[in-house]
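# Commentary on secondary and tertiary structure
The primary structure of each chain is shown beneath.
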Amino acid sequence: MSSEFEKNLDKYAEVILKVTLNLQSGQKLLITSAPLELAPLVRLIVKKAYQIGARLVSVLWDDEQLILTRFQHAPRDSFNEYPVWRINSILEVINEGGAILSFDNETPDLLMNQDPKLIMTSQQSYFKNIKPVLDKIFKNESNWAVIAAPIDGWAKKLFPNLSYDDRIKKLWDIIFDICRVKYEDPVSVWKQHAMQLLERCKYLNKKQYKALKLIAPGIDLKIGLPKDHIWLGGYDYTPNGIKFTANIPTEEVFTMPHKDKTEGVVTATKPLYFDGNQIENFKLKFSKGEVIEVTASKGEEFLKELIKTDQGAKRLGEIALVPNTSPVSQSNLVFYNILVDENASNHIALGRAYKTNIKNGQTISDDEFLTAGGNYSLIHIDFMIGSDKMNVNGILEDGSVEPVMQNGEWAF
Ligand code: ZN
Ligand code: ZN
């Protein structure tokens with residue numbers, strides 16, 4: 001690889017540690033779901049983490065081939081089992097005030113030929129076991145971040161006609177673009193970008209819209225927002241004040257819908273890839289916050305099962321606004337990876353809401369959170385609903401209506 005590539009890779013690692021995770025000197029760091037394939041990048045991040053002053057860096061490696069091997073050879077009745085020690089190791093680092101960096105890397109079609117029931121069982125077992133970690137993450141108890149980097153299964157899905165070298169190089173180039181890495185000083189570019197998202201949040205937080213109305217072809221959805229909801233974007237904060245950006249790339253500002261107050265119809269604008277399952281052209285109908293009808297041209301059964309996970313799985317936990325001209329959207333690619341795709345345009349999520357999206361959320365009890373309109377579920381599944389044809393209106397307390405987005409772009 002060229003020296004230009006090395007330079008960008010270095011800057012990418014720099015942005016991840018200094019802005020995204022904002023790793024503090026003296027902190028411990030755990031890197032989870034690190035793909036073996038990306039060992040050079042992981043080593044670079046570990047080296048930089050120590051240079052910043054990390055006390056101890058540990059890595060939980062992952063290998064997709066081993067996931068596949070399990071599906072091919074493990075006993076069929078064993079898929080509800082989970083290596084709990086992995087969860088405990090994450091909890092240990094969070095409890096000691098350490099930072100968590102996770103890779104969100106999947107070959108979209110990895111489990112394509114596997115039994116959907118087994119996938120569902122292993123997925124539910126994962127969600128059940130990861131719960132204590134998510135309880136802490138959804139309250140930002142420590143600084144955490146999710147990143148993605150080119151693995152071959154992913155690159156191949158995006159560019160099936162390119163050679164190995166070319167597709168990896170091309171995907172890296174796009175990642176550097178959408179993550180704003182190519183600038184001379186990407187760390188300050190990121191800080192500026194995060195501040196801009198924060199300004200959008202300030203405006204929306206002052207408005208305290210009672211509801212948002214989303215209109216586009218196939219979409220007529222009213223999303224009620226709870227009292228004292230908070231829009232977040234750009235920066236998150238731990239209780240002891242570490243400012244971090246949980247995702248890279250990130251273009252969204254988001255808040256939580258009231259779990260009982262979504263009405264109408266929504267059609268996804270991009271397919272949803274979830275654990276080797278593809279859900280396409282799906283449409284959800286809501287009444288009193290709950291999904292009452294599901295249709296999809298592909299993966300309908302899987303989606304129906306997914307929303308049966310628990311009570312909260314058929315309600316919304318997030319509404320996020322992203323201008324349609326974001327760098328991710330301008331790439332004109334479907335990335336088959338929600339970490340990236342969710343930054344292309346507006347999206348909503350089925351399942352758990354972030355406690356940080358409501359006043360005093362980091363301290364209120366689970367019951368108080370539910371009473372305030374917060375949704376609880378084992379799952380949190382984002383899917384894309386935005387396009388250049390979407391208008392979003394804000395409905396104020398007195399019933400008057402203001403434009404928030406027009407044709408997919410900010411209206412303020
Ligand atoms: Zn989001
Ligand atoms: Zn989300």
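Up top is the structure these notes are about.
Okay, so let's go over this structure. (Residues numbered from 1 in each chain as written. Chains lettered and ligands numbered in written order. Predicted model: local features only at pLDDT ≥ 70, side-chain atom pairs only at ≥ 80, totals over all residues. Heavy atoms only, no water.)

So, about the overall build of the chain. Within the chain, the secondary structure is distributed over 12 helices and 20 strands. Relative to the globule expectation of 22 Å for 412 residues, the C-alpha radius of gyration of the chain, 20 Å, shows essentially globular dimensions. If you line up the chain on its principal axes, its C-alpha atoms span 55 × 50 × 45 Å. Classification of the 412 residues of the chain by burial places 57% in the buried group. Carbon and sulfur atoms make up 50% of the accessible area of the chain, which amounts to about 17,900 Å² in all. One finds the centroid of the 48 positive side-chain charges in the chain at a distance of 3 Å from the centroid of its 53 negative side-chain charges. (Helix = DSSP H or I, 4+ residues; strand = E, 2+ residues; numbered from the N terminus. Rg over C-alpha atoms; globule rule 2.2 N^0.38 Å. Buried < 20%, exposed > 50% of the residue type's maximum accessible area, 1.4 Å probe, protein only. Areas by Shrake-Rupley, 256 points an atom, 1.4 Å probe, with all protein chains shown as cover. Lys, Arg positive; Asp, Glu negative; His and termini not counted. Charge placed at Lys NZ, Arg CZ, Asp CG, Glu CD.)

Turning our attention to the coordination of the zinc ion (ligand 2). The zinc ion (ligand 2) binds to the protein through Glu318 (OE), His380 (NE2), Asp382 (OD) and Asp382 (OD); the donor distances cover 2.0 to 2.6 Å. If you look at the zinc ion (ligand 2), its four donor atoms make angles of 55 to 148° with each other, and the shape they trace is irregular. The metal-metal distance between the zinc ion (ligand 2) and the zinc ion (ligand 1) is 3.5 Å, with Glu318 coordinating both. Here His380 lies in strand 17 (residues 380–384) and Glu318 lies in strand 15 (residues 316–321), a separation of 62 residues in the sequence. (Donors = N, O, S within 2.8 Å, 3.2 Å for Na, K, Ca; no water. Tetrahedral: all angles 85-135°; square planar, octahedral: opposite > 155°, others 65-115°.)

Turning our eyes to something else, we now look at the environment of Ser345. Looking at where Ser345 falls in the secondary structure, it is placed in the loop between helix 11 (338–341) and strand 16 (347–351). Residue contacts for Ser345: discarding those within four places in its chain leaves Val322, Asn324, Met384, Gly386 and Ser387. (Contact = heavy atoms within 4.5 Å.)

The subject of this paragraph is the packing of aromatic side chains. For the structure shown, the criterion picks out 15 aromatic pairs. Centre to centre, the rings of Phe254 and Tyr354 are 5.7 Å apart; their planes meet at 65°, and the pair counts as edge-to-face. Of this pair, Phe254 sits in strand 9 (residues 253–255) while Tyr354 sits in the loop between strand 16 and helix 12 (366–371), and the two are 100 residues apart along the sequence. In this structure, Phe254 and Tyr354 share a single accessibility class: buried. By the ring-pair criterion, three or more aromatic residues cluster together here, those being Phe5, Tyr12, Trp172 and Phe176. If you follow Arg180 out to its NZ or CZ, it ends over the ring of Trp190, 5.8 Å from the centre. Lying across the ring of Tyr235, Lys243 places its NZ or CZ 4.4 Å from the centre. (Phe/Tyr/Trp six-rings, centres within 6.5 Å; stacked < 30°, edge-to-face > 60°. Lys NZ or Arg CZ within 6 Å of the ring centre and 35° of its normal.)

With that settled, consider the packing of helix 1 (residues 3–20) against helix 8 (residues 186–207). The interhelical angle for the contact between helix 1 and helix 8, taken along N-to-C directions, is 45°, at an axis separation of 9 Å. The orientation of helix 1 with respect to helix 8, classified from their angle, is oblique. Helix-helix and strand crossings are classified by hand; for helix 1 and helix 8 the assignment is right-handed. Residues Lys11, Glu14, Val15 and Val19 of helix 1 pack against Pro186, Val187 and Trp190 of helix 8. A breakdown of the residues in the contact of helix 1 with helix 8 according to their chemical character gives five nonpolar, no polar and two charged. (Axes fitted to C-alpha atoms, helices over the stretch in contact; angles between N-to-C directions. Parallel < 35°, antiparallel > 145°, perpendicular 65-115°, else oblique. Left-handed = near helix turned anticlockwise from the far one by under 90°. Nonpolar A, V, L, I, M, F, W, Y, C, P; charged D, E, K, R; others polar.)

Let us look at the coordination of the zinc ion (ligand 1). Those donors, Glu252 (OE), Glu318 (OE), Glu342 (OE) and His347 (NE2), are the protein atoms that reach the zinc ion (ligand 1), and they lie 1.9 to 2.7 Å from it. If you look at the zinc ion (ligand 1), its four donor atoms make angles of 74 to 141° with each other, and the shape they trace is irregular. Motif for the zinc ion (ligand 1), donor spacing along one chain: E-x65-E-x23-E-x4-H. A relative accessible area of 0% means that His347 is categorised as buried.

For the rest of this paragraph, the subject is the sheet that holds strand 3 (residues 99–103). An order of 2-1-3-4 is seen for the four strands of this open sheet, with the pairing classed as parallel. Lying at the two open borders of the sheet, with one neighbouring strand each, are strand 2 (56–62) and strand 4 (144–147). The sheet shows a mean angle of 15° between the axes of neighbouring strands, direction not considered. Relative to strand 3, strand 1 (residues 28–35) is paired through four bridges, and the arrangement is parallel. Opposite Ile31, over in strand 3, you have Leu101 as the bridge partner. (Pairing = 2+ DSSP bridges.)

What follows deals with the sheet that holds strand 9. Reading across from one edge, 9-15-16-17 is the order of the four strands in this open sheet, with antiparallel pairing throughout. The two strands at the open ends of the sheet, each matched to only one other strand, are strand 9 and strand 17. Neighbour-to-neighbour, the strand axes of this sheet turn through a mean angle of 20°, independent of strand direction. Pairing of strand 9 with strand 15, which is carried by three bridges, proceeds in the antiparallel orientation. Along strand 15, the bridge assignment pairs Val253 with Leu321.

Turning next to the environment of Val181. Inspection of the secondary structure puts Val181 in the loop between helix 7 (164–178) and helix 8. Each C-alpha atom, one on Val181 and one on Ala313, is 36 Å from the other, the two residues being 132 residues apart in sequence.

Put simply, the second largest pocket is a space of about 340 Å³. As for the second largest pocket, its lining consists of 19 residues, and the residues nearest its centre are Pro116, Lys117, Ile119, Asn277 and Phe302. Taken together, the elements giving at least two residues each to the lining of the second largest pocket come down to helix 5 (116–137), strand 12 (277–279) and helix 9 (300–306). No other element matches the five residues that helix 5 contributes to the lining of the second largest pocket. Grouping the constituent residues of the lining of the second largest pocket by class yields eight nonpolar, six polar and five charged. (1 Å grid on protein atoms, 1.4 Å probe; cavity = no way out; pocket = protein on both sides within 12 Å on 5 of 7 lines; lining within 4 Å. Points joined across faces, edges and corners; volume = space filled by probe spheres on them.)

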